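Residue-level listing of the chains:
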Amino acid sequence: SDVCSSDLIVAITKCDKTGVRLEKIYEELGANGLIVEAWGGSIPSQPVSGITGDGIEDLLELIHLQAQLMELKANPDRAGVGVIVEAGMQKGRGAVATVLVQKGIVRVGDPMVAGGALGRVRSMTNENGKLVKEAGPSVPVEITGFSEVPQYADRFFVTANDRISRTYAEQRGQRLKDQKVRGGDKVVNLESLFARVEEGKLKELKLVVKADVHGSLIALSESLEKIHEEDVRVKVIHSGVGAVSEGDIMLASAAEAMIICFHVRADSKIQRLAEEESVQIYTYKIIYQAIEDIQKAITGMLDPKFKEVVLGRATIREIFSISKIGKIAGCFVNSGKIVRGRSARIIRDGVEIYDGKVENLNRFKDTVTEVLSGFECGINLSYNDVKVADVVEVYEMEEVARDA
C-alpha cells in the first residue's frame, strides 16, 4: 500500500449485528496489507455501531490521540482549503456538497471552486443541521451555492474572486480534455458488443457512469469494474453525480465509451448531442440489471431489446390543487406530444423523482387523449409533490430487433 500505516485508523462498523467475527475482519485486513494493533500491527482499530452508538466515543478519543501523536496542525489564517466528502442535488437547494475543511477558514459569501464546480458559499450547515457563518480546520460543513455538483474527493478551495474560480475550473476541464483518447470509428453499444468481442476488436469496454448520489455511484462503478468476461475488461473512465452533461457526451465520444445512468436522465438537448456523437446512453433503476446487461452483452446472451421511445416533454408552469383529485400540473408541451394513459416520469434537476402514468389530461375544461407541442395542458399523475419547472417526460417501450 502507498498509504503510510500511521495515517490510518480502521473503524469496523455494524458490530451490533449477531455473528460478527472480528478475527475474520482482522484476517481480511491483514490480507490487504493492513495489520491492526489487535493482531500485533501498528494500525489502530475500533469496533463501532451506528445504531447503538457503542464504540463511537472510543473512536473519537482514538482520533484525538492519534492527531496529537502525529502533531497534526493546520493554519487557520488563510483562505479555506478542503475536500469534498459527499455531494448531490437536493430539492429546493440545488447542488449541495459536504466539505471537510482542512486548512484556513470558509465563510458565507466566499468565492469557491471544487473540480469543475464553482460559485459562492450561499449557506453552510454543521453536523447538527445548524446554520453557521464560518468553518475552520477539521470542521465538516454542508455547503450550497455550487454551479453544478462537484465530484467525490475533489479538492475544495476558497479563491480571491470569481474570475480565479472560473480560471481554475476551465484549466481542470482542459486537463480532462487532454486526457481523452479517441478510439476506433465504430459505435459501441450493448447490441454490438458480442460481435466485436468475437472479432477480437474489443478488449476493454469503457464506460461513463452517472448516478443520483455518490453512494449509488461508487457501488455501481465498483461492481461494473469487477466484470471480466471473454477476456474483456470493463473500465469506468469517468463517474459523477447528476444528470448527463455535454462534457460526459464529449468524453464518451472521444474514448468510444457508453454512458450508464442510474436514476438520472439526459435532457432533450443532451440526447440530440449524443445522437450526433454516436454515444449510447442506457438508464437503469436497479444496479444489478445494469451489471447483468453488460455481462450478457459481452457473452452474446442479451435478452430481447426494448427501446425507450420518448413521446413528448412538458414543463410545469403552474400547479393547481383540486379537491378529490389532488394536484394538477399546468404544463406547456415543449416537444412531441403528451398522451393520456402512457408511462410518464417527473424529472427535477436532471434526476428522476417519480415514474407512473398520465392518469388524466385536460385542455381547459375538456378531457383529451393527447396534446401536441406548443400547447398548454393540465396533467394529473397521481403524484402530489410536483413543483414549478419540473419536466414531465412521456414515453413508451418498443421492442426492436437486435443487430445480427
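Residues numbered from 1 in each chain as written. Predicted model: local features only at pLDDT ≥ 70, side-chain atom pairs only at ≥ 80, totals over all residues. Heavy atoms only, no water.

**Student:** Would you mind showing me how to read the overall build of the protein chain here?
**Tutor:** A tally of regular secondary structure across the protein chain gives eight helices and 25 strands. By residue count, 40% of the 404 residues in the protein chain fall in the buried class. Long-range contacts, defined here as pairs at least 24 residues apart, represent 67% of the contacts in the protein chain between residues at least 6 apart. Here the protein chain displays about 22,200 Å² of accessible surface, and carbon together with sulfur accounts for 50% of that area. (Helix = DSSP H or I, 4+ residues; strand = E, 2+ residues; numbered from the N terminus. Buried < 20%, exposed > 50% of the residue type's maximum accessible area, 1.4 Å probe, protein only. Contact = heavy atoms within 4.5 Å. Areas by Shrake-Rupley, 256 points an atom, 1.4 Å probe, with all protein chains shown as cover.)

**Student:** I would appreciate a short explanation of the nonpolar core in the present structure.
**Tutor:** Generally speaking, a soluble globular protein has its nonpolar side chains buried in company with each other. Membership of the largest hydrophobic core comes to 40 residues, with the highest contact counts inside it found for Ile-143, Phe-146, Phe-156, Leu-224 and Ile-294. Apart from the residues lying within four places of it in its own chain, the contact partners of Ile-143 are Ala-95, Val-96, Ala-97, Val-99, Val-106, Met-112, Val-121, Ser-123, Met-124 and Phe-156. In terms of nonpolar packing, the next biggest core, distinct from the first, is built from 22 residues, Leu-311, Ala-344, Tyr-354 and Val-368 among them. (Core = buried A, V, L, I, M, F, W, Y, C linked by side-chain atoms within 4.5 Å.)

**Student:** It is not clear to me how the pattern of salt bridges should be interpreted in this structure. Could you clarify?
**Tutor:** Close approach of charged atoms allows side chains of opposite charge to pair. Scanning the model with the defined rule gives 16 salt bridges in all. A salt bridge links Arg-317 to Glu-376; its shortest N-O distance comes to 3.8 Å. Of this pair, Arg-317 sits in strand 17 (residues 305-322) while Glu-376 sits in strand 24 (residues 376-380); the two residues are 59 residues apart in sequence, bridging distant segments of the chain. Glu-376 gets classed as partly exposed once you look at its relative accessible area, which sits at 47%. Glu-393 serves as the salt-bridge partner of Arg-345, at 2.5 Å between the closest nitrogen and oxygen. Residue Arg-345 is located in strand 19 (residues 343-348), and its partner Glu-393 is located in strand 25 (residues 391-400); the two are separated by 48 residues in the primary sequence. Exposure class is identical for Arg-345 and Glu-393. Each is buried. Ionic contacts of the salt-bridge type, sharing partners, join the residues Arg-265, Lys-285, Glu-308, Arg-313, Arg-345, Glu-352, Asp-355 and Glu-393 into one network. (Salt bridge = Lys/Arg side-chain N within 4 Å of Asp/Glu carboxyl O.)

**Student:** Even after reading the chapter, I still don't get the pairing of strand 7 (residues 117-125), so can you show me in this structure?
**Tutor:** Moving residue by residue along a regular strand, the side chains alternate between the two faces of the sheet. Within strand 7, seven of the nine residues are buried, leaving the element largely enclosed by the surrounding structure. One ladder, built from four bridges, connects strand 6 (residues 111-114) with strand 7; its direction is antiparallel. Counterpart to Met-112 in the pairing with strand 7 is Gly-119. Following strand 6, the chain reverses through two residues before pairing antiparallel with strand 7; Gly-115 in that reversal takes a positive phi of roughly 65°. As paired elements, strand 7 and strand 10 (residues 140-146) share four bridges and run antiparallel to each other. Counterpart to Ser-123 in the pairing with strand 10 is Thr-144. Here two bridges tie strand 7 to strand 8 (residues 131-132), and the two strands are oriented antiparallel to one another. Residue pairing in the sheet places Thr-125 in a bridge with Leu-131 of strand 8. In textbook terms, the turn of a hairpin is the stretch between consecutive antiparallel strands, and for strand 7 and strand 8 this stretch comprises five residues, one of which, Gly-129, has a positive phi near 80°. (Pairing = 2+ DSSP bridges.)

**Student:** Where do I start with the environment of Val-106 in this structure?
**Tutor:** With respect to the helices, strands and loops of the structure, Val-106 is situated in strand 5 (residues 106-107). For the pair formed by Val-106 and Gly-136, sequence separation is 30 residues and the distance between their alpha carbons is 6.5 Å.

**Student:** Just to check I follow, could you spell out the packing of aromatic side chains for this structure?
**Tutor:** Where two aromatic rings form a pair, the distance of their centres and the angle of their planes describe that pair. For the coordinates displayed, the defined rule picks out three aromatic pairs. A ring pair is formed by Tyr-354 and Tyr-383, whose centres lie 4.4 Å apart and whose planes are at 15°; its orientation type is stacked. Here the residue Tyr-354 occupies a position in strand 20 (residues 351-357), and Tyr-383 occupies one in the loop between strand 24 and strand 25, the gap between them amounting to 29 residues. You can call Tyr-354 buried: its relative accessible area is 19%. Judged by its relative accessible area of 17%, Tyr-383 is buried. (Phe/Tyr/Trp six-rings, centres within 6.5 Å; stacked < 30°, edge-to-face > 60°.)

**Student:** Sorry, what's going on with the pairing of strand 6 here?
**Tutor:** Here strand 6 shows no split at all, with Pro-111 and Val-113 on one side and Met-112 and Ala-114 on the other all buried. Sheet topology note: the strand 6/strand 11 (residues 155-158) ladder contains three bridges and is antiparallel. Within the sheet, the bridge partner assigned to Met-112 lies in strand 11 and is Val-158.

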